[in-house]
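# Remarks on the overall topology
Listed here are the chains, written in short residue letters.
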Amino acid sequence: MKHICVFCGSNLGAQPEYVEAARHLGQVLAARQITLIYGGARVGTMGEIADSVLAAGGQVIGVIPQALAEKVAHAGLTDLRIVPSMHERKALMADLADGFIALPGGLGTFEEFFEVLTWAQLGMHHKPCGLLNVRGYYQPLMDFLDHAVAQRFLKAEHRAMALIDDDPVRLLEQFRTYRPPSVSKWLD
Ligand code: AMP
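Residues numbered from 1 in each chain as written. Predicted model: local features only at pLDDT ≥ 70, side-chain atom pairs only at ≥ 80, totals over all residues. Heavy atoms only, no water.

## Re the pairing of strand β4 (residues 79-83)
Stated precisely, the cut-off is as follows: For two strands to pair, DSSP has to find at least two bridges joining them. In DSSP terms, a helix is any run of H or I states spanning at least four residues, a strand is any run of E spanning at least two, and both are numbered starting from the N terminus.
Across 5 bridges, strand β3 (residues 60-65) lies against β4 in parallel orientation. Its bridge partner being in β4, I64 is matched across the sheet by I82.

In structure tokens, the structure reads:
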């Protein structure tokens, strides 16, 4: 695995552990010579992980829409790709990456993570998708996905595609052994 896309907050969050987790994930990626693909901003935990990878001697590709680039682009990345829209940003990040990790974040993070998970569910890609569960941040979301399975809107096999761990090294190990499900999306 050479390129990992990380979705993360454009804010820092309420607890220092969120920033620490972003920095630690950056160090783990750089140590494994995995290039970080991310949204190209200097703000929030986005900026923290990019700075951490760069400080550890790693490579970072940022992908950012023109409108956001003028306000929040990170000026020191290995490569900054400026694209016309949010849709093109997500498509390019998805193309460049071999797998996807969501750190704690807000609506943008959820949306990006669920988009790649949805594409995986439809068999449009077979790349692993995982949540870094810092301070149990994603436990309510896991509970909600279980609820969706119980209510027959989601197959257990597709629910299981959302990998989760509180440790980035273990999450990457799950990525290495990940086997995509081969069931169709429809229950009925
Ligand atoms: P959020 O989790 O709502 O803070 O959104 C962060 C995620 O959505 C990132 O992975 C970005 O790709 C995208 N995004 C949303 N808002 C911004 C912003 N103000 N600056 C840069 N990227 C953003």
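## Focus: helix α1 (residues 16-31)
Quick note on the threshold: By this rule the span expected of a helix is its residue count minus one, scaled by 1.5 Å. Burial classes: relative accessible area under 20% of the type maximum marks a residue as buried, over 50% as exposed, and values in between as partly exposed (1.4 Å probe, protein chains only).
Taking 1.5 Å per residue, 16 residues should reach 22 Å; α1 reaches 23 Å between its end C-alpha atoms and fits that length. Of all the positions in α1, only Y18, V19, A21, A22, L25, G26, V28, L29 and A30 are classed as buried.

## Some details on the packing of aromatic side chains
Where we set the bar: When two rings of Phe, Tyr or Trp (its six-membered ring) have centres within 6.5 Å they constitute a pair, described as stacked for plane angles under 30 degrees, edge-to-face for angles over 60, and tilted for the intermediate range.
Evaluation of the coordinates by the stated rule reveals 4 aromatic pairs. Between F113 and F114 the ring centres are 6.0 Å apart and the planes differ by 75°, which places this aromatic pair in the edge-to-face class. Owing to a relative accessible area of 27%, F114 belongs among the partly exposed residues under this scheme. Both rings, one in Y137 and one in Y138, keep their centres 4.9 Å apart while their planes meet at 80°; by these two values the pair is edge-to-face. We classify Y138 as buried; its relative accessible area is 2%. An aromatic cluster is defined as three or more aromatic residues linked by ring pairs; in this entry it consists of Y18, Y137 and Y138.

## Topic: the sheet that holds β4
We count it as follows: In this analysis, axes come from line fits to C-alpha atoms, helices being fitted only over the stretch in contact, and the angle between any two N-to-C directions falls in the range 0 to 180 degrees. Note on contacts: a residue pair qualifies if any of its non-hydrogen atoms lie within 4.5 Å across the two residues.
Reading across from one edge, β4-β3-β2-β1-β5-β6-β7 is the order of the 7 strands in this open sheet, with parallel pairing throughout. The open sheet terminates on both sides in strands that have one partner only, identified here as β4 and β7 (162-165). Neighbour-to-neighbour, the strand axes of the sheet open up by a mean angle of 25°, direction not taken into account. Of the strand pairs in this sheet, strand β6 (residues 129-132) and β7 are connected by 4 bridges, and their pairing is parallel. By the bridge assignment, L132 is partnered in β7 with D165. Sitting on the sheet, helix α2 (residues 44-55) is in contact with β1 (3-7), β2 (35-38) and β3, with an inclination near 160° to β2.

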